[in-house]
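Here's the letter readout for the chains.
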Amino acid sequence: MTFKITELYVYPIKSLGGISLQTSKLTPKGLEYDRRWLLTDSNGQFITQRNMPSLVFFKTALAQNGIVVSHKNSDKDLFVPARSADAKDRRMKVVIWDDVVNAVVESEEINDWFSKLMGFEVYLVFIPDGERRVVHNHPDAEINFPDAAPYLFLSQTALDYLNGQLEQKIPINRFRANVIFEGGSPHIEDNWQTFKIGEAEFEAIKNCGRCQVITTNQETAEVGKEPLRTLATYRKEGQRILFGRYFKLKGKQHFEVKIGDEVEVLGS
């Protein structure tokens, strides 16, 4: 059976707007720039759409050697450089789920821009080289700031099946996946253990348990009950509602990936 990549997405700042790409670089920590940055409050607690749906109004775009962030209430866009840590950089301990990360704080100018738009003091941070955050039960897999794993794959057939159950169809951006592919039956990725895209080999971590973020309209910040309510009728396993599957890239090499690439399943 043939599977083909149809969409690629990267989310440079966790819980902010994503970017649709034609091509990207596969790295051991995820797609290049994916979840590289994170917003925290003054206590180092990470901020997401779970508690602030209005984060959808921040949009991101790739730029040379960094990213550009925009907001509907700002007439000035913000450039955030992709850089290595400097000895003079401020550090702060950031709590993301059960992990504590010694992160690098971005410049005062960058933090002021976000703080003014959000109405309280926030900091934009990134994980410096040498600071390791790893996937639980997979110590060989390093990550930046995703919830659980470097890569989230989702089948288009799963979304099509779900939309067939809903009165109002929802777009793929509700699920914040990295790679969308076509082919096979709905949720066929649930059983994938290993697969290849070109020379890049992936290994399964676990299926993705969903939270209320998927009920947030990514354009208006309106929070509803769907699609979580409908998914609970046929995708609930224990206390989790599953949609999509997490994977890690085997090895430390970097590879290019593009829309149209084939996915070769090795084990399921």
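Above this text sits the structure in question.
A brief report on the enclosed structure follows. Sequence order as written defines residue numbering, which begins from 1 separately in each chain. In keeping with the model being predicted, local features are shown solely for residues with a pLDDT of at least 70 and side-chain atom pairs are shown and tallied solely at 80 or more, while totals for entire chains, interfaces and linings include all residues. Side-chain metrics in this entry use all non-hydrogen atoms of the structure; hydrogen atoms and water are not considered.

Our focus in this paragraph is the pairing of strand β17 (residues 200–209). Should DSSP find at least two bridges between two strands, the strands are taken to pair. Under the DSSP-based scheme used, a helix requires at least four consecutive residues in state H or I and a strand at least two consecutive residues in state E, with every element numbered from the N terminus. Pairing of strand β16 (residues 194–197) with β17, which is carried by four bridges, proceeds in the antiparallel orientation. Counterpart to F195 in the pairing with β17 is F202. Between β16 and β17, which follow one another and run antiparallel, lie two residues, and G198 among them has a positive phi close to 65°. With six bridges joining them, β17 and strand β19 (residues 240–249) adopt antiparallel strand pairing. For K206, the partnering residue across the bridge sits in β19 and is Y246.

With respect to the secondary-structure elements, T216 resides in the loop between β17 and α3 (228–231). Summary of the burial criterion: residues with accessible area below 20% of their type's maximum are buried, those above 50% are exposed, and those between are partly exposed, where the area comes from a 1.4 Å probe applied to protein chains only. What makes T216 buried here is its relative accessible area of 1%. Beyond its immediate chain neighbours, meaning those up to four positions away, T216 contacts Q49, P53, V56, R174, A221, E222 and V223. By definition in these notes, contact holds between two residues if any of their heavy atoms fall within 4.5 Å.

Let us look at the sheet that holds strand β9 (residues 91–96). Across the sheet, four strands lie side by side as β5-β11-β10-β9; this open sheet has antiparallel pairing. What marks the edges here is a single partner per strand, and that holds for β5 (37–41) and β9. Shown here is a sheet whose adjacent strand axes are inclined to one another by a mean of 50°, direction ignored. Where strand β10 (residues 99–105) and strand β11 (residues 122–126) come together, two bridges link them in antiparallel fashion. Residue pairing in the sheet places V105 in a bridge with V125 of β11. Along the sheet, helix α1 (residues 108–118) contacts β5, β10 and β11; its crossing angle with β11, the most-contacted strand, is approximately 135°. Fitted lines through C-alpha atoms give the axes, limited to the stretch in contact for helices. The angle between two N-to-C directions lies from 0 to 180 degrees.

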